[in-house]
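Summary of the model geometry
So you can see what is in the structure, the chains are spelled out below.
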Amino acid sequence: MASESYKTAPETSTSWEKEEDRPPVAPPRQPPQSRASAAYFALVDVILRFLLFASALAAVLVMVTSKQTEIVPIPIYPFQAPASAKFNHSPAFIYFVAALSAVGFYSIITCLFSLFALLRPGSCPKVVSHFVIFDVLFLGIVAAATGTAGGVAYIGLKGNSHTGWRKICNIYGEFCRHIGASVAVSLIASILLALLVLFSISSLSKKIPR
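What counts and what doesn't
- Residues numbered from 1 in each chain as written.
- Predicted model: local features only at pLDDT ≥ 70, side-chain atom pairs only at ≥ 80, totals over all residues.
- Heavy atoms only, no water.
- Helix = DSSP H or I, 4+ residues; strand = E, 2+ residues; numbered from the N terminus.
- Buried < 20%, exposed > 50% of the residue type's maximum accessible area, 1.4 Å probe, protein only.
- Contact = heavy atoms within 4.5 Å.
- Areas by Shrake-Rupley, 256 points an atom, 1.4 Å probe, with all protein chains shown as cover.
- Disulfide = S-S within 2.5 Å.
- UniProt positions renumbered as here; feature names shortened; annotations may be inferred.
- Axes fitted to C-alpha atoms, helices over the stretch in contact; angles between N-to-C directions.
- Parallel < 35°, antiparallel > 145°, perpendicular 65-115°, else oblique.
- Left-handed = near helix turned anticlockwise from the far one by under 90°.
- Nonpolar A, V, L, I, M, F, W, Y, C, P; charged D, E, K, R; others polar.
- Salt bridge = Lys/Arg side-chain N within 4 Å of Asp/Glu carboxyl O.

1. What to know about the overall build of the chain
- The secondary structure content of the chain amounts to 7 helices and 2 strands.
- In the chain, the succession of helices and strands from N to C terminus is α-α-α-β-β-α-α-α-α.
- Counting only residues that meet the buried cut, the chain has 29% of its 210 residues in that class.
- Of the contacts made within the chain by residues no fewer than 6 positions apart, 72% connect residues no fewer than 24 positions apart.
- Element-wise, carbon and sulfur atoms account for 67% of the exposed surface of the chain, whose accessible area totals about 14300 Å².

So this is what it looks like as structure tokens:
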């Protein structure tokens, strides 16, 4: 009986010992469909940003090369003198070049970030997710520059009889063609920025848990 009273109690392990013995829990894997969707959005983002850079660069180059010199009559009849038309003669066109240059610089930087995120998924998700804010900002800048330059170009094409502004495209035809082509390309840049905003919002919405 005495020997039975001195039986040892079963060994019990503490909670912290049990936690140490447990194998490490692997982080939840991202579903293959989700990874494919993220890769698709990253690829589309890279393509759109590269096209944005190309369109902004083309618009700037066409605008800055818009120069034409013609012989025009001067107030002292019947004398004539050469007169040049350049983009830097109009503040609207100067603002246009500055805005599209900023967009081109922004697009090439974000394109590199998006390409890095495509090659290494999850490497910089916070940086890429914040692009939508700057995309909206630059969309407004490009839209304003396009509208301003387009308004001045329309006056140069048609004139305004109410204010006495004469049209100049009948004299400086090549200059006006450069301006029109540059404004058209900047309109494409605006559309690309709008598509980037939509794709970014769609990509972010898929990351919200439901």
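2. Some details on the state of the cysteines
- With the rule as written, the count across this model stands at 1 disulfide.
- Here C169 is linked by a disulfide to C176, with a sulfur-sulfur distance of 2.0 Å. Classification of the bridge connecting C169 and C176 rests on its S-S torsion, roughly -95 degrees, and on that basis the disulfide is left-handed.

3. Looking at the UniProt feature "transmembrane region" (unreviewed entry) in the chain
- According to UniProt, the positions carrying the feature "transmembrane region" (unreviewed entry) are residues 38–64, 92–119, 131–157 and 177–201.
- Across residues 92–119 one finds 100% helix and 0% strand; the C-alpha atoms that close the span lie 40 Å apart.
- Within residues 177–201, the helical portion is 100% and the strand portion 0%, while the C-alpha atoms at the span's ends are 37 Å from each other.

4. Description of the environment of Q80
- Locating Q80 in the fold gives a position in strand β2 (residues 80–86).
- Owing to a relative accessible area of 52%, Q80 belongs among the exposed residues under this scheme.
- Once the C-alpha coordinates of Q80 and E70 are considered, the two residues, 10 residues apart in sequence, prove to be 9.9 Å apart.
- Contacts of Q80, omitting those with residues within four sequence positions, involve I71, V72, P73 and I74.

5. Points about the packing of helix α4 (residues 91–119) against helix α6 (residues 131–158)
- In contact at an axis separation of 9 Å, α4 and α6 are set at 155 degrees when each is read in the N-to-C sense. By the angle between their axes, α4 is roughly antiparallel relative to α6. Between α4 and α6 the crossing geometry is left-handed.
- Within the contact of α4 with α6, the residues separate by chemical class into 20 nonpolar, 4 polar and 1 charged.

6. Concerning the pattern of salt bridges
- Inspection of the entire model under this criterion finds 2 salt bridges.
- The closest approach of N and O atoms between D45 and R49, which form a salt bridge, is 2.9 Å. Placement of the pair is D45 and R49 together in helix α3 (residues 32–64), with a separation of 4 residues, close to one helical turn. Here the two residues D45 and R49 agree in accessibility, since each one is buried.
- Put simply, D135 and R49 hold a salt bridge, and the shortest N to O gap is 2.8 Å. Within this pair, whereas D135 is found in helix α6, its partner R49 is found in helix α3, the two being separated by 86 residues in sequence.
- Judged by its relative accessible area of 0%, D135 falls in the buried class.

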